[in-house]
Amino acid sequence: MGKFVIEGGQPLKGKVKASGAKNAVLKLMAASLLSDTPCFISNVPKIRDVFTMVEVLRWMGAEVDFDGDHRMFINPKVSKAEAPYDLVSQMRASIIVLGPLLAKYGKAKVAMPGGCNIGSRKIDLHLKGLESMGAEIEVKGGFFEAKTKGLRGTLVPLDFPSVGATENILMAAVLADGETVIENAAREPEIVDLANFLNKMGAQIKGAGGTSIKIKGVRRLKGVNYQVIPDRIEAGTFLIAAAITNGEVTVEGARSEHLELVISKLREAGAKISEKDNEVTVSLSKRPQAIDVAVLPFPGFPTDLQPQITVFLSLAEGISIVTENVFENRFLYVDELNRMGTDVRIEGHHAIIRGVSKLYGAPVKATDLRGGAALVLAGLAAEGETIVSDIYHIERGYENFKEKLEKLGARISIIE
Ligand code: UD1
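Residues numbered from 1 in each chain as written. Predicted model: local features only at pLDDT ≥ 70, side-chain atom pairs only at ≥ 80, totals over all residues. Heavy atoms only, no water.

**Student:** Outline the overall build of the chain, supporting the account with residue identities and numerical values.
**Tutor:** A tally of regular secondary structure across the chain gives 14 helices and 24 strands. Its C-alpha atoms put the chain at 65 × 45 × 40 Å along the principal axes. If you take every contact in the chain between residues at least 6 apart in sequence, the share linking residues at least 24 apart comes to 73%. Computing the positive centroid from 51 side-chain charges and the negative centroid from 51, the chain places the two 3 Å apart. (Helix = DSSP H or I, 4+ residues; strand = E, 2+ residues; numbered from the N terminus. Contact = heavy atoms within 4.5 Å. Lys, Arg positive; Asp, Glu negative; His and termini not counted. Charge placed at Lys NZ, Arg CZ, Asp CG, Glu CD.)

Okay, structure coming up:
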């Protein structure tokens, strides 16, 4: 298994382009199952989670062609409405095929995702929502077995604005009979991208991006050409990487409206930021100031940047508190981080960060995708050599991470 070897202390400088959004494209791929004819998606990132989703679709019998130029062709005719355990266990997001399969084929058999290293990650809201629309769902042999005589539109109030539940219910509702209203819906930009994709296919969705989404069911959907939005989490990771190394980096493709709170928090900590159309530049030439960050569903500060901002604040002057309000156990990386000389203490869902003036390189292990990326940022800022192992977690969601960092001047290599 690969490891990153990082020689820290080099300020990152230059331009980097954000790839297509992982959390959008996976859902577009699932949504293409709803179409009668093939879809073309462009700006698709070459990352492990996308390859896993390609396998999920192919396993069902769909034809998927993913060429060298970030373009994907999907012919969605499937021969079995199933997702097997070995693929779902590699990527929990595979559960997102449940709604489209039910809507299109009236049945679905999807492996239960099982444990996860950032918390228990329940899917009760997905199931409750689909059941209220007329699905019958049983658990048999580790699988959800779902069937319906026909989904009906209804009012679906969510107890929490879950991204996955909003998307599964949205995709089920586009072909349901009548009108569905999702209340307390997730408002993430990836939900808006999914709704735009579905509307282009012929769906009738209004209100995506707000807390109430209205969907009028239609009989059929047709294939489209669609370009996925840039990855705001990858963009945010590079912005924080620039600030933590006291560098200056422009992220092309970064949409400031998707990163408002990230930008304002970096400014509050002392970074200089300029925003243009589809481009954000950050620089910082001194130690950051301590600030508090509360992680919340969009438009709040994203949980997927919580580890990165925690690492950044570990070098701040003063004491910062980062509060994680989305996942119950997303601080696993902190034990690894503290091996590099940081002073971060976890109390419940708060990280209490006493800023230090220097980090020291050390061998550390990536515990999950974003925690792993955060350890790489720590390595870039640290004195001496950091070796980050288990980088397969990072490869799930960052395209050419090493190459992009190298282009910005980082001294980073991969060893097997
Ligand atoms: C998606 C993103 C992930 C991001 C997260 C929150 C993808 C592939 N992943 O994950 O990167 O961190 O949104 O922005 O898009 N919950 C329940 N019951 C449910 C569903 C969720 O209790 O039925 C809880 C979860 O346990 C978690 C919280 O809600 O604590 C947020 O989960 P959710 O918004 O559903 O995240 P995902 O869609 O899994």
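**Student:** Explain the site of the ligand to me, using residue names and the numbers behind them.
**Tutor:** Around the ligand, 18 residues are found, and the nearest of them are K27, L125, S162, D304 and V326. One of the backbone N or O atoms of V163 is found 2.8 Å from an oxygen atom in the ligand. Backbone polar atom of G164 to an oxygen atom of the ligand: 2.8 Å apart, as the coordinates give it. Alone, the ligand offers 740 Å² of accessible surface; in the complex the protein occludes 85% of this. If you tally residues by element for the shell around the ligand, the top one is helix α5 (residues 124–132), at three residues. Looking at the shell around the ligand, its residues break down into seven nonpolar, five polar and six charged. Here the shell around the ligand spans two domains, since at least three of its residues come from each of domain 1 (3–18 + 230–415) and domain 2 (22–227). (Near = heavy atom within 4 Å. Polar contact = N/O pair within 3.5 Å; in protein donor to acceptor, adjacent residues only side chain to side chain. Areas by Shrake-Rupley, 256 points an atom, 1.4 Å probe, with all protein chains shown as cover. Nonpolar A, V, L, I, M, F, W, Y, C, P; charged D, E, K, R; others polar. Domains from an automatic or database assignment.)

**Student:** Can you explain the layout of surface pockets? Please cite residues and give values.
**Tutor:** In this structure, the second largest pocket encloses a volume near 190 Å³. Contributing to the lining of the second largest pocket are 14 residues, with I244, T245, N246, L315 and A381 lying nearest its centre. Looking at side-chain class alone, the lining of the second largest pocket contains seven nonpolar, five polar and two charged residues. (1 Å grid on protein atoms, 1.4 Å probe; cavity = no way out; pocket = protein on both sides within 12 Å on 5 of 7 lines; lining within 4 Å. Points joined across faces, edges and corners; volume = space filled by probe spheres on them.)

**Student:** Provide a residue-level description of the side chain of H393, including the pertinent values.
**Tutor:** By the element assignment, H393 lies in helix α13 (residues 392–395). Accessibility expressed as a relative area gives 11% for H393, which makes it buried. In contact with H393, not counting residues within four places along its chain, are R48, N117, A366, T367, D368 and L369. (Buried < 20%, exposed > 50% of the residue type's maximum accessible area, 1.4 Å probe, protein only.)

**Student:** Account for helix α1 (residues 22–31), naming residues and giving values.
**Tutor:** Taken across its 10 residues, α1 has nine buried, putting it largely inside the fold. For α1, every residue scored as buried is listed here: K22, A24, V25, L26, K27, L28, M29, A30 and A31.

**Student:** Any chance you could break down the domain arrangement of the chain for me, citing the residues and the numbers?
**Tutor:** When cut into domains, the chain gives domain 1 (3–18 + 230–415) and domain 2 (22–227). The straight-line distance from the C-alpha centre of domain 1 to that of domain 2 is 30 Å. Residue-level contacts link 24 residues of domain 1 with 19 residues of domain 2. Both sides together, the interface formed by domain 1 and domain 2 hides about 1,900 Å², and carbon and sulfur atoms give 51% of it. Of all residues in domain 1, the largest losses of buried area upon contact with domain 2 belong to F298, R396 and E399, amounting jointly to 31% of the total for that side. Where domain 1 touches domain 2, the interface holds two salt bridges. E190 serves as the salt-bridge partner of R232, at 2.8 Å between the closest nitrogen and oxygen. Scanning the region where domain 1 abuts domain 2 turns up eight residue pairs in polar contact (both at pLDDT 80 or more). Among the elements of the structure, α12 (369–381) and α13 are those that each provide at least two residues to the side of domain 1 that touches domain 2. In terms of residue count, the dominant contributor to the side of domain 1 that touches domain 2 is α13 (three residues). For the side of domain 1 that touches domain 2, the per-class residue count stands at eight nonpolar, six polar and 10 charged. (Buried area = accessible area lost by both parts, 1.4 Å probe. Salt bridge = Lys/Arg side-chain N within 4 Å of Asp/Glu carboxyl O.)

**Student:** Talk me through helix α2 (residues 48–60); I want residue IDs and the actual numbers.
**Tutor:** End to end, α2 covers 19 Å across 13 residues, agreeing with the expected 18 Å (1.5 Å per residue, within 8%). Against the buried residues of α2 lie α1, β4 (63–66), β5 (72–75), β6 (82–83), α3 (85–88) and α4 (98–105). Phi turns positive, to about 110°, at G61, one or two residues after α2. (Expected span 1.5 Å × (residues − 1).)

**Student:** Describe the packing of aromatic side chains, naming the residues involved and giving the relevant values.
**Tutor:** Applying the stated criterion across every chain, the model contains seven aromatic pairs. Taking 4.6 Å as the distance between ring centres and 35° as the angle between the ring planes, the aromatic pair formed by Y398 and F401 counts as tilted. Residue Y398 is classed as buried on the basis of its relative accessible area, which comes to 3%. Note that K80 overlies the ring of W59, its terminal NZ or CZ placed 3.9 Å from the centroid. For the cation-ring pair, K109 lies above F143, with the distance from its terminal atom to the ring centre recorded as 4.8 Å. (Phe/Tyr/Trp six-rings, centres within 6.5 Å; stacked < 30°, edge-to-face > 60°. Lys NZ or Arg CZ within 6 Å of the ring centre and 35° of its normal.)

**Student:** Kindly report on the nonpolar core, identifying the contributing residues and their values.
**Tutor:** With 82 residues, the main nonpolar core has M29, V50, V97 and L198 as its most contacted residues. Sorting elements by how many residues they give to this core places α1 first, with seven residues. Leaving out residues up to four positions away in the same chain, M29 has contacts with I41, V50, M53, V54, L57, M72 and I74. Ranked by size, the runner-up nonpolar core spans 70 residues in total, among them I233, A243, A254 and V280. (Core = buried A, V, L, I, M, F, W, Y, C linked by side-chain atoms within 4.5 Å.)

**Student:** Any details on the environment of A269? Residues and values, ideally.
**Tutor:** Along the chain, A269 turns up in the loop between α9 (260–268) and β16 (272–276). Considering only alpha carbons, one finds A269 and E317, 48 residues apart in sequence, at a separation of 9.5 Å. Not counting residues up to four positions away in its chain, the partners in contact with A269 are P288, Q289, I291 and F312.

**Student:** Outline the packing of helix α6 (residues 163–173) against helix α7 (residues 189–201), listing residues and values.
**Tutor:** Here α6 crosses α7 at 10°, and the two axes come no closer than 10 Å. Judged by the angle between their axes, α6 and α7 are roughly parallel. Here α6 contributes V163, T166, E167, L170 and M171 to the contact with α7, which in turn contributes E190, I191, L194 and L198. For the contact of α6 with α7, the residue count by class is six nonpolar, one polar and two charged. (Axes fitted to C-alpha atoms, helices over the stretch in contact; angles between N-to-C directions. Parallel < 35°, antiparallel > 145°, perpendicular 65-115°, else oblique.)

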